[in-house]
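Overview (structure and organization)
In case you want the letters, here they are:
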Amino acid sequence: MQLLHAPSWSHLSFQTTSRNSRGGLLSLEKCLQPPTANCFFQPQKLERSIWVLHKRTNFSFFAPKATSVDAGSSAATAEGDVLKALSQIIDPDFGTDIVSCGFVKDLLINEASGEVSFRLELTTPACPIKDMFEQQANEVVARLPWVEKVNVTMSAQPAKPIFSGELPAGLQRISNIVAVSSCKGGVGKSTVAVNLAYTLAGMGARVGVFDADVYGPSLPTMVSPENRLLEMNPEKRTIIPTDYLGVKLVSFGFAGQGRAIMRGPMVSGVINQLLTTSEWGELDYLVIDMPPGTGDIQLTLCQVVPLTAAVIVTTPQKLAFIDVAKGVRMFSKLKVPCVAVVENMCHFDADGKRYYPFGRGSGSQVVQQFGIPHLFDLPIRPTLSASGDSGTPEVVADPQGEVAKTFQDLGVCVVRQCAKIRQQVSTAVTYDKSIKAIRVKVPDSEEEFLLHPATVRRNDRSAQSVDEWTGEQKLQYTDIPEDIEPEEIRPMGNYAVTITWPDGFSQIAPYDQLQMIERLVDVPQPTAVQA
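Here we summarise the structure given alongside this text. Note that this is a predicted model, so its numbers are computed, not measured. (Residues numbered from 1 in each chain as written. Predicted model: local features only at pLDDT ≥ 70, side-chain atom pairs only at ≥ 80, totals over all residues. Heavy atoms only, no water.)

Considering only enclosed or pocket space, the second largest cavity measures out at about 70 Å³ in volume. Along the walls of the second largest cavity sit 13 residues, with Asp91, Asp93, Thr123, Cys127 and Ala419 positioned nearest its centre. The dominant element in the lining of the second largest cavity, judged by the number of residues it contributes, is helix 12 (residues 402-426), at 3 residues. Here the lining of the second largest cavity is built from residues that sort into 8 nonpolar, 2 polar and 3 charged. (1 Å grid on protein atoms, 1.4 Å probe; cavity = no way out; pocket = protein on both sides within 12 Å on 5 of 7 lines; lining within 4 Å. Points joined across faces, edges and corners; volume = space filled by probe spheres on them. Helix = DSSP H or I, 4+ residues; strand = E, 2+ residues; numbered from the N terminus. Nonpolar A, V, L, I, M, F, W, Y, C, P; charged D, E, K, R; others polar.)

Set out below in structure tokens:
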């Protein structure tokens, strides 16, 4: 028997941990003191409204080096056959095959028995087409003439943001942060945020909800956690989120003080501390219920956390569209992609007819004017309102209903768009060592171009290179050697990259600036790259 080991994450273990005592209840005063320093939820629909909460689990990943195995030509051919067969499966969101995407892990081949085993590591446990991938992988490998048995294991990448270097500790194990915003009160934004979160949890993701409305928190009314007060870890001076049906929850309303009566700067500080000092743990999605408006609080949130995407909520009235348009423009300036529009309270059905009491067109107008690709309509339903008041989200109370199906479609949209955005951002700016050039392909652009590393370094606009008062260039052309190469390029949110140079300088290079720099016209010939 010969084994072929593909270098990969080769071990996944689960450890069940119990919740130990973590200190007393969190008072408002303790909550606002400055700090000194996993829940895996797989709800299963046993009946229409019964969800089972699995035990809290932690994930540990081990990545030992690939074992060196003497593989003859026959073994190499077998591995090539399997990978070639799997490369027929195309990820519809990335537009490339699953082998090129790096999804195939732990490939083991037993030629004597004809048994093939491998793992498909997807970008998120909530992948809406994971069952299709598993079925196709079984089918294409089983077609190989020498294969007798195929074992496919499905897994997901560990939760990690694209850029975690300078994030607060509490946010460093969150893969995607999604803002639900309307910039206008009373349009159902909190209803959408909460039901979206529980839809994602129902798809197998680890999810948290952060209620960012300090003046009028809605989360305590819309969910019914057993513990309705936040707790503080006295040792770490961090906030422990409360939990309802496996979704982690943080709201100022759970701090025991109801609604806040304070000025804007204080509110921004409270929101910042509640969000960044909470022990969120490993999350695939953190849904932020944004407060109305486009002021200090909203800007603080957008700048403190690297938002992956935003979902816009509106109603059919023209007045709602005017305010929503302001919010979309704010996200556009902050380079946060708006991936979907939810038009709430669109219509109701009676006497076999459909009525539109508030008119039509606000949602579609947002889509057309701002190019947001997806529009979802929510009907006027007494049960949707009642479920929010009762403390049980509608998608939990009636998981097979029409509203739940709409949220299921919205959840699939959010999962796919977040995965696509992460892929685009992670590969937007890379260094090609073979031609000694920086490759740039800005997200949402089909154009790819090359930049000389020395040119990029000389165009730094920070205070170390340009005098902030006079605008005089402090960094001289001759200060940068022509053969300089970047040591590391990392994404920084959705708008820039951080480039680390051999002299220790860390340069922030926005996409807009890179697009304005002089480009390489004559592409250098590839050179051999030393391992």
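Alright, that's what it looks like, and here's the rest.
With antiparallel pairing, 3 strands are arranged side by side in an open sheet as 23-24-25. The open sheet has two edge strands, strand 23 (488-492) and strand 25 (506-510), and neither has a second partner. Ignoring which end each strand starts from, the neighbouring axes of this sheet average 25° apart. Pairing of strand 24 (residues 496-500) with strand 25 involves 5 bridges; the strand directions are antiparallel. Pairing of Ala496 across the sheet is with Pro510, part of strand 25. (Pairing = 2+ DSSP bridges. Axes fitted to C-alpha atoms, helices over the stretch in contact; angles between N-to-C directions.)

This paragraph deals with the environment of Ser362. Checked against the element boundaries, Ser362 lands in helix 9 (residues 362-370). A residue is classified by how much of its surface remains accessible, and Ser362, at 2% relative accessible area, is buried. Each C-alpha atom, one on Ser362 and one on Ala320, is 7.6 Å from the other, the two residues being 42 residues apart in sequence. Once you skip the residues sitting within four places of it in the chain, Ser362 turns out to touch Thr314, Thr315, Pro316, Gln317, Phe321 and Glu343. (Buried < 20%, exposed > 50% of the residue type's maximum accessible area, 1.4 Å probe, protein only. Contact = heavy atoms within 4.5 Å.)

Attention now goes to the pairing of strand 6 (residues 115-122). With respect to burial, strand 6 is a largely interior element, 7 of its 8 residues being buried. Summarising the sheet, strand 5 (residues 104-110) and strand 6 pair through 5 bridges and their orientation is antiparallel. Residue pairing across strands places Ile109 opposite Val116, the latter belonging to strand 6. In this structure, the hairpin formed by strand 5 and strand 6 is closed by a connection of 4 residues, where Gly114 is found at a positive phi of approximately 75°.

Quick look at the packing of helix 8 (residues 318-333) against helix 9 now. Put simply, helix 8 and helix 9 touch, their axes get as near as 10 Å, and they point 30° apart. Along this stretch, helix 8 crosses helix 9, giving a crossing that reads as right-handed. On the side of helix 8, the interface is formed by Phe321, Val324, Ala325, Val328 and Arg329, while helix 9 contributes Ser362, Gln365, Val366, Gln369 and Phe370. For the contact of helix 8 with helix 9, the per-class residue count stands at 6 nonpolar, 3 polar and 1 charged. (Left-handed = near helix turned anticlockwise from the far one by under 90°.)

Another point: the side chain of Thr277. Along the chain, Thr277 turns up in the loop between helix 6 (264-276) and strand 14 (283-289). Side-chain polar atoms of Thr277 contact the backbone oxygen of Gln273, separated by 2.4 Å. (Polar contact = N/O pair within 3.5 Å; in protein donor to acceptor, adjacent residues only side chain to side chain.)

The next thing to look at is the environment of Val311. Position of Val311 among the secondary structure elements: in strand 15 (residues 309-314). Exposure remark for Val311: the relative accessible area of 0% places this residue in the buried category. Placed 118 residues apart in sequence, Val311 and Ala193 show a C-alpha to C-alpha distance of 8.9 Å. In this structure Val311 touches Val178, Ala179, Val180, Ser181, Leu196, Val339, Ala340, Val342, Leu410 and Val414, once residues within four positions along its chain are discounted.

What follows is about the packing of aromatic side chains. Applying the stated rule across the entire model yields 3 aromatic pairs. Here the aromatic rings of Tyr198 and Tyr244 are separated by 6.1 Å at their centres, their planes lie at 70°, and the arrangement is edge-to-face. Taken as a pair, Tyr198 in helix 4 (residues 189-202) and Tyr244 in strand 12 (residues 242-244) lie far apart in primary sequence, 46 residues in all. For the pair Tyr198 and Tyr244, one class covers both residues: buried. When the ring of Phe348 is compared with that of Tyr355, the centres are 5.3 Å apart and the planes differ by 20°; the resulting orientation is stacked. Among the residues examined, Phe348 registers a relative accessible area of 30% and is labelled partly exposed. (Phe/Tyr/Trp six-rings, centres within 6.5 Å; stacked < 30°, edge-to-face > 60°.)

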